[in-house]
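Results of the structural survey
Here is what each chain is made of, one letter per residue.
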Amino acid sequence: MVCRALEARDEKRLMRMQRQLAKVKLLIIDELGFVPLSKTGAELLFELISQRYERGSTLITSNLPFEEWTETFGTERLTGALLDRLTHHVNILEMNCESYRLNQSKSRCARS
C-alpha cells in the first residue's frame, strides 16, 4: 500500500488515491513493521491514517509491540502521533501463540 502511494505521488495521482482510500469502509494493513518504511512512506501512511481518523475502520496486523514501531516509522514523534490516532477508538487483539503456517508445516512434516 505504501509502495502504491509512493508510485501515485510520483505520477501526480496521490490526491485521488488518498480520497479513494479515505472513503473505504474497512482498510486492512497487513504485516505493518515487517519492513521499515522510508521517511516519505511513513509520512504518507500517517497522512492516510489521519484522513481516516474517526471516519473509517482500519485493521492493522503486526508482529511488533507498539514500543518497537519507532523502528518502522523512523521517529518517536511520528510514531507517537500515529499511535495516538490508532489507539483512540480501538479494540486491540494481542495474540501470543504459534504461527498457523508453522503448525501446518509441522503437521505436513510429521505425516511424511
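Our structure is the block above this text.
One structure accompanies this document, and this report is about it. (Residues numbered from 1 in each chain as written. Predicted model: local features only at pLDDT ≥ 70, side-chain atom pairs only at ≥ 80, totals over all residues. Heavy atoms only, no water.)

Attention now moves to the pairing of strand β2 (residues 57-60). Note that strand β1 (residues 26-29) and β2 share 4 bridges and pair parallel. Looking at the pairing, L27 lines up with T58 of β2. Between the parallel elements β1 and β2, the chain passes through helix α3 (residues 39-52) in a crossover that is right-handed. (Pairing = 2+ DSSP bridges. Helix = DSSP H or I, 4+ residues; strand = E, 2+ residues; numbered from the N terminus. Right-handed = clockwise from strand over helix to strand, strands pointing away.)

What follows is about the environment of H89. Along the chain, H89 turns up in the loop between α5 (76-86) and α6 (100-111). On the accessibility criterion, H89 (59% relative accessible area) is exposed. Taking the C-alpha atoms as reference points, H89 and E54, 35 residues apart in sequence, are found 7.9 Å from one another. (Buried < 20%, exposed > 50% of the residue type's maximum accessible area, 1.4 Å probe, protein only.)

Before going further, it helps to spend a moment on α3. Look at α3: 20 Å from first C-alpha to last across 14 residues, which is about the 20 Å you get at 1.5 Å a residue. Positive phi appears at E54, one or two residues downstream of α3, with a value of about 65°. (Expected span 1.5 Å × (residues − 1).)

The next subject is the nonpolar core. Formed by 16 residues in total, the largest nonpolar core has its most connected members in I29, L32, L45, I49, W69, F73 and L82. Contributions of two or more residues to this core are made by α2 (14-23), β1, α3, α4 (69-73) and α5. In terms of residue count, α3 provides more of this core than any other element does, 5 residues in total. Beyond its immediate stretch of four places on either side in the chain, L32 contacts L45, I60, T61, S62, N63, W69 and F73. (Core = buried A, V, L, I, M, F, W, Y, C linked by side-chain atoms within 4.5 Å. Contact = heavy atoms within 4.5 Å.)

Within the span of α2, buried status applies to L14, M17, Q18 and L21. Buried residues of α2 fall within an arc of 100° about the axis and therefore sit on the same side. Facing away from the buried side of α2 by more than 90 degrees, the exposed set consists of M15, Q20 and K23. (Arc of directions from axis to C-beta.)

That is the geometry; function is a separate question.
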